[in-house]
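Letter by letter, the chains look like this.
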Amino acid sequence: MAEIVIKNLRKEFGDFVAVQSSSFTIEDGEFFMLLGPSGCGKTTTLRMIAGLELPSSGDIYIDGEEVGQKPASQRDIAFVFQMFALYPHMNVRKNISYPLVSQGMSRAAVREKVAEVSRILGIEDILDRPVGGLSGGDRQRVALGRAIVRNPKAFMMDEPLGALDAEFREHMAEELRALHDRMNATTVYVTHDQLEAMQMGDKIVVMNHGVIEQFGTPQDIYDKPATMFVADFIGSPPMNFLKFSGTVDAGASAVRLEHVDLPVPEVREAFDGDMAYGVRPEHIHLSDAAPYRATIDAVEYLGTTQILTLDTPNGKLRARISSEQPARAGESVGLTFNGNTVTLFDRQSGRALRSELNAGVLSHG
């Protein structure tokens, strides 16, 4: 397996810039997620790493070798697509063994490798079946088998679970992560599903309009979003934003909204302008005595929890509270917040105002 280093990677299609000067490092053996909405540049980035697209500028290092202008055949990369891309006229065994046969490996060695991979994936009982009659999950296992059978330096996966139904996707995500851990493989995985990225990834790059918004662990990205886009894209429901304008001094531990001081982490630099008070739904607490007031617009019961839609002087909020806590539509409630869980944003730039939150934002030129 191998470390992958990306430096100032850029891709242009005519006048359209798909990826803007991205830089990051994928550690050896890491499960690395490229996450973002459709058209954000994540698949283009993956295809450049794999050699299916050549970058307009920038460098790509795989295992210490610069490969940016080399074709895919010279990068020792295995690719797994969303639509499986199996050979329909071949059975499972022949689909998995095809890369080894193409390399001229002996029949005995091919049989041994196919047996080993089929044991890992739990598909020994379907090796002689045609791929056309297989379930979506089994076809995905066959596609994975064909990728891992030749032990490449890295795996590139472009939404490999996207064609599966929701329940089976979760199961296959668990299997795929377990497979990665057994093989200690370097894996680059593209998805638009933030739950999938949070569940499987060691590190996540969040992209938007060809720009890297944030790079870090799932916990850092969830707890300390570097931009309003990341805060809104990650989480279900996403982070709430109470909008206000004013001045905050360096060293301040509170901001004033509607004549009420609300806590924030210590502000590192003074700021004057339009801001957003960002708070996750599970970090909003109801208190009869709290001076910051809201009206409950709706209550959504979810079993152990309930989601409240709240109308405040600074905008709508959604709060996640215990289902055992009484809450009725139309009721006036007080809200309290823990400053350590709050993120303050500059609404014009979308950037978090605390300097340490910006550490996860990469330069994109």
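Every chain is numbered on its own, with residues counted from 1 as its sequence reads. Restriction of local features to residues with pLDDT of at least 70 applies here, the model being predicted, together with a cutoff of 80 or more for giving and counting side-chain atom pairs; totals for whole chains, interfaces and linings are based on all residues. No hydrogens and no water enter the side-chain calculation; it runs on all heavy atoms of the structure.

### A short note on the environment of Gly278
Right, on to step 1. Here Gly278 shows up in strand β14 (residues 271-279).
Right, on to step 2. As a C-alpha pair, Gly278 and Pro238 span 40 residues in sequence and 10.0 Å in three-dimensional space.
Right, on to step 3. We call two residues contacting when some pair of their heavy atoms lies within 4.5 Å. Look past the residues within four positions of Gly278 in its chain and what remains in contact with it is Met239, Asn240, Phe241, Thr341, Val342, Thr343 and Phe345. Only DSSP runs of H or I with at least four residues qualify as helices, and only runs of E with at least two residues qualify as strands; both kinds are numbered from the N terminus onward.

### Considering unusual backbone geometry
Right, on to step 1. Pro237 follows Ser236 through a cis peptide bond whose omega is -5°.
Right, on to step 2. Relative to the elements of secondary structure, Pro237 occurs in the loop between α8 (228-233) and β11 (240-248).
Right, on to step 3. A positive phi angle, near 55°, is found at Asp63, a position not held by glycine.
Right, on to step 4. Here Asp63 is to be found in the loop between β4 (57-62) and β5 (65-66).
Right, on to step 5. Relative accessibility decides the category of a residue: with a 1.4 Å probe and only protein chains considered, values under 20% of the type maximum give buried, values over 50% give exposed, and everything between is partly exposed. On the accessibility criterion, Asp63 (46% relative accessible area) is partly exposed.

### Thoughts on the domain arrangement of the chain
Right, on to step 1. Residue ranges labeled as domains rest on an automatic or database domain assignment. You can read the domains of the chain as domain 1 (4-224) and domain 2 (228-346).
Right, on to step 2. Using only C-alpha atoms to locate each centre, domain 1 and domain 2 end up separated by 38 Å.
Right, on to step 3. Facing the 14 residues of domain 1 at the interface are nine residues of domain 2.
Right, on to step 4. Buried area between domain 1 and domain 2, both sides added, is near 1000 Å², and the carbon and sulfur share of it is 68%.
Right, on to step 5. Two parts placed together each lose some accessible area under a 1.4 Å probe, and the buried area is that loss summed for both. When the buried surface of domain 1 facing domain 2 is broken down by residue, Gln194, Val206 and Tyr222 rank first, second and third, together holding 50% of it.
Right, on to step 6. Identification of polar contacts relies on pairs of N or O atoms within 3.5 Å, with a donor-acceptor requirement for protein atoms, meaning one able to donate a hydrogen and the other able to accept it, and with residues adjacent in sequence counted only if both atoms are side-chain atoms. The interface formed by domain 1 and domain 2 includes three residue pairs in polar contact (both at pLDDT 80 or more).
Right, on to step 7. Secondary-structure elements contributing two or more residues to the side of domain 1 that touches domain 2 are α6 (194-200), β9 (203-208), β10 (211-216) and α7 (218-223).
Right, on to step 8. Charged means Asp, Glu, Lys or Arg here, nonpolar means Ala, Val, Leu, Ile, Met, Phe, Trp, Tyr, Cys or Pro, and polar covers whatever is left, Gly included. Grouping the constituent residues of the side of domain 1 that touches domain 2 by class yields seven nonpolar, five polar and two charged.

### Description of the packing of aromatic side chains
Right, on to step 1. Working definition: a ring pair exists when centres of Phe, Tyr or Trp rings (six-membered ring for Trp) sit within 6.5 Å. Plane angles under 30 degrees give stacked, over 60 give edge-to-face, the rest tilted. Evaluation of the coordinates by the stated rule reveals nine aromatic pairs.
Right, on to step 2. For the ring pair Phe24 and Phe215, a centre distance of 6.4 Å and an interplane angle of 50° mean the geometry is tilted. Of this pair, Phe24 sits in strand β2 (residues 16-26) while Phe215 sits in strand β10, placing them 191 residues apart in sequence.
Right, on to step 3. Connected via pairs of aromatic rings, a cluster forms that spans Phe24, Phe32 and Phe215.
Right, on to step 4. Positioned above the aromatic ring of Phe13, the side-chain terminus of Lys11 is 5.1 Å from the ring centre.
Right, on to step 5. Only Lys NZ and Arg CZ are tested; either one counts as a charge over a ring when it is within 6 Å of the ring centre and within 35 degrees of the ring normal. One cation-aromatic arrangement involves Arg280 over Tyr222; the distance from NZ or CZ to the ring centre is 4.1 Å.

### Observations concerning the pairing of strand β12 (residues 254-257)
Right, on to step 1. Where burial is concerned, the two faces of β12 differ: the one with Val255 and Leu257 is buried and the one with Ala254 and Arg256 is not.
Right, on to step 2. Pairing of β12 with strand β13 (residues 260-263) involves four bridges; the strand directions are antiparallel. Bridge pairing links Leu257 to Val260 in β13.
Right, on to step 3. Strands are treated as partners if at least two bridges between them are detected by DSSP. Between β12 and β13, which follow one another and run antiparallel, lie two residues, and Glu258 among them has a positive phi close to 50°.

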